[in-house]
Amino acid sequence: MTLCPCGSGRNLEDCCGAVIAGAPAATPEALMRSRYTAFVLGKLDHIDRSNAPEIRDDFNRAEAERSVQECEWQGLEVMQATEDGDIGTVEFMARFNRGGQTFVQHELASFCRRDGAWLYLSGKISPGPPQRRFTKTGRNDPCPCGSGRKYKKCCGA
Amino acid sequence: MERRFHCTACGKCCSGLLPLTLADAFAHAGRFPLAMVWTPLRQQSKAFDLVRRIGAVVNLSGRKRIAVIIVPTAYIPDSFFCPALNADGRCAIHAEKPLRCRTMPFYPYREERDQADLLTPRKGWDCDTSAVAPVVYRERKIVAREDFDLERRELLAQAPLIRAYAEYMMKYMPQLADKLATAAVHGSGGNVVTSLSSYLTATRQLDIPGFAARQLSVLKNFAARTAGRPDLAEFHRNYAGWAKEMEYLAKRKSASA
């Protein structure tokens, strides 16, 4: 009985182990977790297989094999997961130690479903918070509060 | 304006990082430990226009863009001499030496009209710049220009591959942009080093017979030579790490098999 490295609290063989062994991932999150576990366990064939065909040749397997030897994975936190038809996203943070330093990989990963199987398509590292300001008020522009004064003399003071 | 120069074969310049053309890097993979070295250039730099033609322009955060040269390099510490330098200080591979060595003291990564500094020997070098040395540079033009032109042509010809590599790395290693921005701020010569394996993946050249095995052997050798040298810790870490990557590539079955 081994705890799954993805942190689900479940048995490895019932959790990511099953997906790595060939069971289809039910959701983008399940696939993402299984890819994390694959890195932890050095099962890089699973990474290769679950890459969308258009990015398959971009995978630097040699470097990944080296990382398996050099990285000590310390945990996964899934922050958000969305699914909309055949596309989905998972935002996560993965912690690892390498060469005595701790790193955090914060990624917003995109997935697509092809022929019923979820595949990894792309990832945006360190995605920023969602944009909240749509326009920036210039300092000499009329203040948005409606006072008629310049922003720099009013709310922007 | 006339500058005189004659190489005395003192061997002093045959040390440290050696920029190579792609062709030379692959030809000498059994001799030099290879890395891709990225050097960003400031906008005001004289070489900026040239770098846009032989290098790449990359986007940093905040819509800032910088020009960067990306050079396959013999990744050798300054304190180490070239592995092809004989005990008597002469080149062991003179007939097939890399273009970079043949073009010395000139440097096609800079404009032809901007070569004057390179004709002043560095401290400790024994280059002959006396009145008996031949004129090699006149009115900002190189007198015997064949080697310079050849190396420059090679750099221009390989630029599309370099740009393809830059695009791949910007996509898959976004933290590289931050490293380049830091190197750019720190002034001339700041650079970032990446692996040959990333170049081979980006340009789909994973199955060059024997390349990985030869590189593996060289990297292991240089890792051994830098073991227990705290001043060369970064070199050692890179040699050892890239050796693991080449070990994988040397073992894998050819994709076309």
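Chemist: Honestly, the overall build of chain B in this entry has me stumped. Any pointers?
Modeler: The helix and strand tally for chain B stands at 8 helices and 8 strands. When the backbone C-alpha atoms are referred to their principal axes, chain B occupies close to 60 × 50 × 40 Å. When burial is assessed residue by residue, chain B has 47% of its 257 residues classed as buried. Measuring between centres, the 38 positive side-chain charges of chain B sit 4 Å from its 25 negative side-chain charges.

Chemist: Whenever I open this one, the interface of chain A and chain B confuses me. Can you help?
Modeler: The figure often quoted for interface size is the accessible area lost as the parts come together. At the junction of the two partners, chain A supplies 13 residues and chain B supplies 16 residues. Buried surface at the junction of chain A and chain B, summed over both partners, amounts to about 1200 Å²; 50% is from carbon and sulfur atoms. Ranking the residues of chain A by area buried against chain B places Asp58(A), Ala62(A) and Arg66(A) at the top, with a combined share of 43%. Run the count over chain A and chain B and you get 4 salt bridges. For Arg66(A), the salt bridge goes to Glu245(B), with nearest N and O atoms at 2.9 Å. At the surface where chain A touches chain B, the tally comes to 7 residue pairs in polar contact (both at pLDDT 80 or more). Of all the elements, helix 5 (residues 61-70) of chain A adds the most residues to the side of chain A that touches chain B, at 7 residues. When grouped by side-chain class, the residues that make up the side of chain A that touches chain B number 4 nonpolar, 2 polar and 7 charged.

Chemist: Explanation requested: the sheet that holds strand 2 (residues 87-98) of chain A in the structure shown.
Modeler: Strand-to-strand pairing in sheets goes through backbone hydrogen bonds, with the strands running parallel or antiparallel. Residues and elements named next belong to chain A. Strand order in this open sheet of 4 strands is 1-2-3-4, and the pairing throughout is antiparallel. Of all strands in the sheet, those with a lone pairing partner are strand 1 (71-84) and strand 4 (117-125), marking the two edges. Going from strand to strand, the sheet's axes swing by 25° on average, the running direction of each strand aside. As judged from the 12 bridges shared by strand 2 and strand 3 (residues 101-114), these two strands associate in the antiparallel manner.

Chemist: Any chance you could explain the nonpolar core here in plain terms?
Modeler: The nonpolar side chains of a soluble globular protein tend to be buried, and buried together. In this structure, Trp38(B), Ile70(B), Leu180(B) and Met246(B) are the most contacted members of the largest nonpolar core, which totals 57 residues. Ignoring anything within four residues of it in the chain, the contact list for Ile70(B) reads Met36(B), Val37(B), Trp38(B), Ala56(B), Ile162(B), Tyr165(B) and Ala166(B). If you look at the next biggest cluster of nonpolar residues, it comprises 22 residues, including Val19(A), Ala25(A), Ala52(A) and Tyr120(A).

Chemist: Can you help me understand the sheet that holds strand 6 (residues 135-138) of chain B in this one?
Modeler: Strand order across the open sheet formed by 3 strands is 1-6-7 (chain B), with antiparallel pairing between neighbours. The strands lining the two open edges of the sheet, one partner per strand, are strand 1 (2-4) and strand 7 (141-142) of chain B.

Chemist: Could you clarify how one ought to interpret empty space enclosed by the protein in this entry?
Modeler: Over the atoms, a rolled probe matching the size of one water molecule traces out where space is still vacant. Residue and element names in this part refer to chain B. For the structure shown, the criterion picks out 1 cavity of 30 Å³ or more. Of the voids in this model, the largest cavity is the one considered here, and its volume is about 50 Å³. Lining the largest cavity are Ile54, Ile69, Ile70, Val71, Tyr109, Leu155 and Gln158. The greatest single-element share of the lining of the largest cavity, amounting to 3 residues, is contributed by strand 5 (residues 65-74). When the residues that make up the lining of the largest cavity are grouped by side-chain class, the tally is 6 nonpolar, 1 polar and no charged.

Quick notes on the rules
Residues numbered from 1 in each chain as written. Chains lettered and ligands numbered in written order. Predicted model: local features only at pLDDT ≥ 70, side-chain atom pairs only at ≥ 80, totals over all residues. Heavy atoms only, no water. Helix = DSSP H or I, 4+ residues; strand = E, 2+ residues; numbered from the N terminus. Buried < 20%, exposed > 50% of the residue type's maximum accessible area, 1.4 Å probe, protein only. Lys, Arg positive; Asp, Glu negative; His and termini not counted. Charge placed at Lys NZ, Arg CZ, Asp CG, Glu CD. Contact = heavy atoms within 4.5 Å. Buried area = accessible area lost by both parts, 1.4 Å probe. Salt bridge = Lys/Arg side-chain N within 4 Å of Asp/Glu carboxyl O. Polar contact = N/O pair within 3.5 Å; in protein donor to acceptor, adjacent residues only side chain to side chain. Nonpolar A, V, L, I, M, F, W, Y, C, P; charged D, E, K, R; others polar. Pairing = 2+ DSSP bridges. Axes fitted to C-alpha atoms, helices over the stretch in contact; angles between N-to-C directions. Core = buried A, V, L, I, M, F, W, Y, C linked by side-chain atoms within 4.5 Å. 1 Å grid on protein atoms, 1.4 Å probe; cavity = no way out; pocket = protein on both sides within 12 Å on 5 of 7 lines; lining within 4 Å. Points joined across faces, edges and corners; volume = space filled by probe spheres on them.

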